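Structural overview
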Number of protein chains: 2
Amino acid sequence: MTRQILVNAFDMNTPTHLVAGTWRHPDSQAWRYKDLRYWTDLAKTLERGLFDGLFIADVLGVYDVYGGTPGAALRGGVQVPVNDPMMLVSGMASVTEHLGFGITASTSFEHPYTFARRMSTLDHLTNGRVGWNIVTSYLDSGARNIGLATQELHKKRYDIADEYLEVLYKLWEGSWEDDAVVRDATRGIYADDTKVHPINHEGEFFKVPGIHLAEPSPQRTPFLFQAGTSDRGKDFAAKHAEAIFAVGPTAEILKAQIADVRARARAVGRDPYDIKVFSGYTVVTAETDREAIAKHDLYRSYVDVEGALALWSGWLGYDLSVHDLDDPLNIVPNNAIQSTVETFGKGDWRVRDLIDRLALGDGGPVAVGSPATVADAIQEWLEETDADGLNLGHVVTPASYEDFADLVVPELQRRGVYRTSYEEGTLRHKLFGRGDRLASTHPGARFRDLAGTGTVPSSLVDDASPIDELVRES
Amino acid sequence: MTRQILVNAFDMNTPTHLVAGTWRHPDSQAWRYKDLRYWTDLAKTLERGLFDGLFIADVLGVYDVYGGTPGAALRGGVQVPVNDPMMLVSGMASVTEHLGFGITASTSFEHPYTFARRMSTLDHLTNGRVGWNIVTSYLDSGARNIGLATQELHKKRYDIADEYLEVLYKLWEGSWEDDAVVRDATRGIYADDTKVHPINHEGEFFKVPGIHLAEPSPQRTPFLFQAGTSDRGKDFAAKHAEAIFAVGPTAEILKAQIADVRARARAVGRDPYDIKVFSGYTVVTAETDREAIAKHDLYRSYVDVEGALALWSGWLGYDLSVHDLDDPLNIVPNNAIQSTVETFGKGDWRVRDLIDRLALGDGGPVAVGSPATVADAIQEWLEETDADGLNLGHVVTPASYEDFADLVVPELQRRGVYRTSYEEGTLRHKLFGRGDRLASTHPGARFRDLAGTGTVPSSLVDDASPIDELVRES
């Protein structure tokens, strides 16, 4: 049957995520990001729209490249103030049953031993609905505040991240055997201590001798998202990620990116389609094309030019405040987001384009029109790029998601390309249809037998069902 | 009017918090600690009982002193597995309006820059209901897993903690002026960047140049709990704490501890009653004394001796597995909980007493009886010790809290010593009745004027109402 379209909503615990200025639109609730009710209502809306998950971006730093200060970012509320995403999860989990939560957290800012426990806790509390977006951090301002030498960090960040993941896999996959928790009231035994193993990790960056503090959670390793865009970042994603976020302004550019990551996955022995690709995408829709275009024009009138340039200056690692809007972009590679620099830093792009063509999204396409028009555009985009679904940004929140749930989802369902109900099970099972645990070809799986018993409990072994079973059967 | 009794519930994200073995009682839901519903139901029960808050203990390590391995702790489910407490808050906040949340977190395990944002986020999401129990960590096993040299840690941990707090105060109190967030849609300004200040902290242990990432939350600094029991720990508490947890097996011992902390607070220029004291306490109650005694006997029959000794070995820093139950305790000072070692380590205590007399609590008294009997005992205890209220442990959860809410609370209310409804406002305002912010005599208050304007915004200045206004008026 037809390949089903996956959809994540893309938000951030801040007044302005990607579209500067639209918090001022009368329908916008973005400024209510501090209010738990904003998040629980949003989660209910997304579950009504049968979204796969809510992905919450994060930065631990400020956009201070534009003009060399965080002034523009603060004035525009552009990713600053920014609150912690992890703290939102149990609130939203308490009002939903199926929605997944993709939490961004950096390998540079917390020790893996404590981070492992936080994520296991969330996986327990959500019944296996938690995902982790692995970032290594790109804002120097964040690193400085925790006392890291920024150059050192950039050079080694993926080496550190690789070892960080190894520590986590040992804790999540290997420390507790599947049948370690017996909870036998008669014998008075909660856990069989012979089945709980210290991980004895001694590496270049971390020494972790002990056991994992949390018992095995439904997914053990949370579902792993990644968005590495540098050469090293793409190798990292190809090795570890179960899903990636990818952004491209044209189908051609995105298609090449996706093919590249899939090829790298194959090169390290994984099935290239064991990585789901969520493509950065924005939708402005209404009952008719005419109404949608009017809405789009109205939204554009709210764009805050300074705020947008503050964001783009951060992404590009280049101070755009020194330019006129008609100047061509000509940016040398630096420590910022590498694919962004590669895609937009040179060639035909002018500063003005960042505002006129890209300010309502994240650099990916903006589909404007009736549900049928938008559905056509989405289907064509996914077909051309080989992406599995959308990482759906908002222009006005929660209106953008309500519109998508109420208008576009029914249209996609009519076309047979979007689920009509949730499958039971964990986030991983919902996305791959092969159970709750990491695929046996995933590098994390090799740490399952820490005890050296030579046997992997059968419940951890993936069955032989085809990788796109979920896609085909729903 | 009569001094009102404060009550915190005392729990932990683990199968066995303080009473080993009772997870096996048919009414116990302790093993459901991984289930968000356990916590949301508990929060609703506590709010029904008009509790001040739920205090969630934590350790980032295992009890491996007994027998030199974590075996006994694992078998008994004794504070291991143990999940993260912070992850529970937004879930419980989503189903309650007034209940406070006291979260334990160590100054040894996370950088203050990221920790500051997590707590600010929770203070926003809970509308100012979050408290922080400041711990410096006492289990060596935790320190080892994040690569800390344990001896170094013990020597310097309070020096590090003092500077840690300074960084936090600068971020929480000083970085954003009260009127920095303007949210002016017409002018398109979210925050006035001239009122957001980098903290420029350069200390011995931390360098934090930047601004706080979160805008001011209702309490700014979360309500500060502490439980330091060493000499240095008591000084730390006297300086920073707004409430402390104190445990004593007799009124005489506890009274001396409390008087000591209050005297130390006075010595650093604070009002001694600006520190609320929650006393470790356990209640087993039923309609009649006879039924309560029967319940107590039944509960005692569930006590897991090995598990209890594993806990006590950790608290005492001494391996009790080498002793017979009738051996007297004779323990030399070490790195464990110092007041515990001082109180129980010598004198008339035998190993057996830890089981027979103390295993149903945390070393504080266990009141057994009808609501009237228990209320008498509580009132007498608080009068004799000068504590402000109870840190109420459970023997069986949530039954112990349901019993207290349904039986003891009405009795205390009839006596006019327990609130009949919640006051509006933040946790700090509920406990002191003087607004949402730190008292002006609190050391954190001195970091309010980081910008050096010489003026403290009026909303931050405490009014002159007496410190026990809340107590008197309710």
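Residues numbered from 1 in each chain as written. Chains lettered and ligands numbered in written order. Predicted model: local features only at pLDDT ≥ 70, side-chain atom pairs only at ≥ 80, totals over all residues. Heavy atoms only, no water.

1. Structural notes on the environment of B:His323
Residues and elements named next belong to chain B. Considering the arrangement of structural elements, one finds His-323 in the loop between helix H10 (305-316) and helix H11 (338-344). When its relative accessible area of 23% is taken as the criterion, His-323 is described as partly exposed. Separated by 27 residues in the primary sequence, His-323 and Arg-350 have C-alpha atoms spaced 9.9 Å apart. Excluding residues that lie within four positions of it along the chain, His-323 makes contacts with Tyr-318 and Val-351. A polar atom in the side chain of His-323 sits 2.6 Å from the side chain of Tyr-318. (Helix = DSSP H or I, 4+ residues; strand = E, 2+ residues; numbered from the N terminus. Buried < 20%, exposed > 50% of the residue type's maximum accessible area, 1.4 Å probe, protein only. Contact = heavy atoms within 4.5 Å. Polar contact = N/O pair within 3.5 Å; in protein donor to acceptor, adjacent residues only side chain to side chain.)

2. A few points about the confidence of the model for chain A
All names here are of chain A. When the pLDDT values of chain A are averaged, the result is 90; 92% of them are 70 or greater. Considering only residues more than four positions removed or in separate chains, one finds that residues 455-474, a stretch of pLDDT under 50, has 41 contacts. Prediction confidence for the complex, expressed as pTM and ipTM, is 0.93 and 0.93 respectively. (pLDDT = per-residue confidence, 0-100.)

3. Observations concerning unusual backbone geometry
All names here are of chain A. In this structure, the amide linkage connecting Val-80 to the following residue, Pro-81, adopts the cis form with an omega of -5 degrees. Following the sequence through the fold, Pro-81 ends up in the loop between helix H2 (71-76) and helix H3 (89-93). With a phi angle near 55 degrees, Arg-220 is a residue other than glycine that sits in the positive phi range. With respect to the helices and strands, Arg-220 occurs in the loop between strand E8 (207-208) and strand E9 (223-226).

4. Quick look at the pattern of salt bridges
Taken as a whole and assessed by the stated rule, the structure comprises 74 salt bridges over all chains. Among the ionic pairs, A:Arg419 bridges to A:Asp52, the shortest N-O distance being 2.6 Å. In this pair, A:Arg419 sits in the loop between helix H14 (399-414) and helix H15 (427-432) while A:Asp52 sits in the loop between helix H1 (36-48) and strand E2 (53-57), placing the two residues 367 residues apart along the sequence. Comparing A:Arg419 with A:Asp52, the two get one shared label, buried. B:Arg232 is the partner of B:Asp159 in a salt bridge, and the nearest nitrogen-oxygen pair spans 3.0 Å. Of this pair, B:Asp159 sits in helix H6 (residues 150-174) while B:Arg232 sits in helix H7 (residues 231-240), and the two are 73 residues apart along the sequence. Overall, B:Arg232 belongs to the partly exposed group, its relative accessible area being 32%. (Salt bridge = Lys/Arg side-chain N within 4 Å of Asp/Glu carboxyl O.)

5. Comments concerning the relation of the copies chain B and chain A
Rotating chain B by 180 degrees and moving it 0.0 Å along the rotation axis overlays it on chain A with an RMSD of 0.0 Å. What we have between these two chains is a two-fold relation. If distances are taken from each C-alpha of chain B to the rotation axis, the shortest is found for B:Gly91, at 1.9 Å. When the interface residues of chain B are mapped onto chain A, 100% of them again fall at the interface, so both copies present the same face. (Least-squares fit on C-alpha atoms with pLDDT ≥ 70 in both.)

6. Here's the deal with the layout of surface pockets
Taken as a whole, the second largest pocket holds about 530 Å³ of empty space. For the second largest pocket, the lining is made up of 25 residues, of which A:Leu125, A:Asn127, A:Arg129, B:Asp35 and B:Leu36 are closest to its centre. Only helix H4 (112-125) of chain A together with helix H1 (36-48) of chain B provide two or more residues apiece to the lining of the second largest pocket. Looking at which element gives the most residues to the lining of the second largest pocket, the answer is H1(B), with four residues. Considering only residue class, the lining of the second largest pocket consists of seven nonpolar, eight polar and ten charged. (1 Å grid on protein atoms, 1.4 Å probe; cavity = no way out; pocket = protein on both sides within 12 Å on 5 of 7 lines; lining within 4 Å. Points joined across faces, edges and corners; volume = space filled by probe spheres on them. Nonpolar A, V, L, I, M, F, W, Y, C, P; charged D, E, K, R; others polar.)

7. Side note on the pairing of strand E13 (residues 389-392) of chain B
Regular strands place side chains that alternate from one sheet face to the opposite one. Residue and element names in this part refer to chain B. The sheet contact formed by strand E1 (residues 6-12) and E13 spans four bridges and is parallel. Looking at E13, one finds that Val-7 is bridged to Leu-390. Here four bridges tie strand E11 (residues 276-285) to E13, and the two strands are oriented parallel to one another. Following the sheet pairing, Tyr-281 is matched in E13 by Leu-392. (Pairing = 2+ DSSP bridges.)

8. Details of the packing of helix H8 (residues 251-267) of chain A against helix H13 (residues 371-385) of chain A
Residue and element names in this part refer to chain A. For the pair H8 and H13, the least separation of the axes is 8 Å and the interaxial angle reads 45 degrees. Put simply, H8 runs oblique to H13. On H13, the residues that touch Ala-251, Leu-254, Lys-255 and Ile-258 of H8 are Trp-381, Glu-384 and Thr-385. Its residues assigned to classes, the contact of H8 with H13 comprises four nonpolar, one polar and two charged. (Axes fitted to C-alpha atoms, helices over the stretch in contact; angles between N-to-C directions. Parallel < 35°, antiparallel > 145°, perpendicular 65-115°, else oblique.)

9. Side note on the packing of helix H7 (residues 231-240) of chain A against H8(A)
Residues and elements named next belong to chain A. Close contact between H7 and H8 brings their axes to 8 Å; oriented N to C, the two are set at 55 degrees. Here H7 is positioned oblique relative to H8, judged by the angle of their axes. The hand of the H7/H8 crossing is right-handed. On H8, the residues touching Asp-231, Lys-234, Asp-235 and Ala-238 of H7 are Asp-260, Val-261, Arg-264 and Ala-265. (Left-handed = near helix turned anticlockwise from the far one by under 90°.)

10. Quick notes on the interface of chain B and chain A
Accessible area lost upon the coming together of the parts serves often as the stated size of an interface. The partner chain A presents 68 residues to the 68 residues of chain B that form the contact. Approximately 6000 Å² of surface area, both sides summed, lies buried where chain B meets chain A, with 62% of it carried by carbon and sulfur atoms. For chain B, the biggest contributors to the area lost against chain A are B:Met87, B:Arg117 and B:Asn145; these three give 12% of the whole. One salt bridge connects A:Arg117 with B:Asp58, and the closest N-O pair in it is separated by 2.7 Å. (Buried area = accessible area lost by both parts, 1.4 Å probe.)

11. Some remarks on the side chain of B:Arg419
Residues and elements named next belong to chain B. Since its relative accessible area comes to 12%, Arg-419 is described here as buried. Engagement of the side chain of Arg-419 in a polar contact is seen with the backbone oxygen of Leu-50, the distance being 2.6 Å. Once you skip the residues sitting within four places of it in the chain, Arg-419 turns out to touch Gln-4, Leu-6, Leu-50, Phe-51, Asp-52 and Gln-413.

12. Overview of the environment of A:Lys234
All names here are of chain A. In this structure, Lys-234 sits in helix H7. A relative accessible area of 13% means that Lys-234 is categorised as buried. Taking the C-alpha atoms as reference points, Lys-234 and Arg-428, separated by 194 residues in sequence, lie 21 Å from one another. Excluding anything up to four places from it in sequence, Lys-234 contacts Gly-228, Thr-229, Asp-260, Val-261 and Arg-264.

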